[in-house]
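A structural walkthrough
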Amino acid sequence: MIRVSDIIQAIEDFAPLRLQEPWDNTGLQVGDASAECTGVLLCVDVTEDIIAEACRRGCNMVVSHHPLLFKGLKSITGATVVERAVIAALRSGVAIYSSHTAMDSTHGGVSHEMAKRLGARVSAVLSPIAADAGDDAVGLGGVADFDVAISRRLFIDRVKAAFGSPIVRSTQPVAPDVEIHRIAMCGGAGGEFIAKAVAAGAQAYITSDTRYHDFVDYRHSIWIIDIGHYESECCTKDIFYRVISEKIPNFAVYYSDTEDNPIKYIK
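1. Concerning the side chain of Thr236
- Relative to the helices and strands, Thr236 resides in helix H10 (residues 236-247).
- Look at Thr236 and you get buried, because its relative accessible area is 0%.
- Discounting residues that sit within four places of it in the chain, Thr236 has contacts with Val44, His65 and Val110.

2. Describing the nonpolar core
- Formed by 46 residues in total, the largest nonpolar core has its most connected members in Ile7, Val40, Met61, Phe155, Ile183, Ile206 and Ile225.
- Per element, the largest residue contribution to this core is five residues, and it comes from helix H6 (residues 152-163).
- Each residue touching Ile183, except ones within four places of it in the same chain, is listed here: Leu118, Ala120, Gly142, Val143, Ala144, Phe146, Phe155, Ala202, Ala204 and Ile206.
- Among the nonpolar cores identified, the runner-up in size contains 17 residues, and Val86, Ala89, Val94 and Ile96 belong to it.

3. Quick word on the sheet that holds strand S4 (residues 95-98)
- Pairing within the open sheet is mixed, and its five strands lie in the order S1-S4-S3-S2-S13. The two strands at the open ends of the sheet, each matched to only one other strand, are strand S1 (27-30) and strand S13 (253-255). Adjacent strand axes in the sheet meet at a mean angle of 25°, parallel and antiparallel pairs treated alike.
- In terms of strand pairing, strand S2 (residues 40-43) meets S13 through three bridges, oriented parallel. Bridged to Val40 within S13 is Val253.
- Contacting S1, S2, strand S3 (61-64) and S4, helix H1 (residues 4-14) runs over the sheet at an angle of about 15° to S3.

4. Side note on the pairing of strand S8 (residues 142-150)
- Direction of pairing for strand S5 (residues 121-124) relative to S8: antiparallel, over a ladder of three bridges. Residue pairing across strands places Arg121 opposite Asp145, the latter belonging to S8.
- Relative to strand S10 (residues 180-189), S8 is paired through five bridges, and the arrangement is antiparallel. Residue Val143 lies in a different strand from S10, and its bridge partner there is Ala184.

5. A word on unusual backbone geometry
- With a phi close to 55°, Asp209 is a non-glycine residue in the positive phi region.
- Secondary-structure assignment places Asp209 in the loop between strand S11 (204-208) and helix H8 (212-218).
- What makes Asp209 partly exposed here is its relative accessible area of 43%.

Conventions and cut-offs
Residues numbered from 1 in each chain as written. Predicted model: local features only at pLDDT ≥ 70, side-chain atom pairs only at ≥ 80, totals over all residues. Heavy atoms only, no water. Helix = DSSP H or I, 4+ residues; strand = E, 2+ residues; numbered from the N terminus. Buried < 20%, exposed > 50% of the residue type's maximum accessible area, 1.4 Å probe, protein only. Contact = heavy atoms within 4.5 Å. Core = buried A, V, L, I, M, F, W, Y, C linked by side-chain atoms within 4.5 Å. Pairing = 2+ DSSP bridges. Axes fitted to C-alpha atoms, helices over the stretch in contact; angles between N-to-C directions.

Here it is in structure tokens:
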């Protein structure tokens, strides 16, 4: 019998809780870890619709990248979307687990998956976690290299295809005629690491939620490519699927087919 705790153990063996940022809330958020697990539904964000889909698919566990609960709830009355999702999960007996910045920082996590999709290899992290026994292989963001440099046009086309970004926000390439061989990336809002990407010698930096003034301040230092928040972290579902399936073969793990990007692009 597979229990909720077995799923949690598989994830935390890969992305330990100690790697999460101090402000984060990675871990089991709703439910009983000792309960039998009938199946897992993967998503980026937990909503009422996700809980309903889990029930339809016979899953009593949802694994998400973004935590449903960031801060304590003073009441659970259904007044907010978070409260309604919590109520739906409790009523349905659906456990909710999130691996957020722990999955961002672990070796083989979000930055590695982003680089893999682009055909590059991570060589360093942008912001190492100093408290992790001096291991500079873990931390937020990543620096990656291509075995063979590629043109600007091929690179941007590859970025859009890899992350499903119909459009990107971008500065002008710093050196338009130079092929791309080193890049940096950070899933989610990674504007705070632009200077580190520049210092690492990256020619392009892929992230999301970039501030206007970051575009202004760094436009002559590095090619900033903002692919969108959801687009930068949707790859976490592939990581979760792989981690759970490798540890617990022949177990029901599903990608959500109702979740989509809440941000729409109007052409």
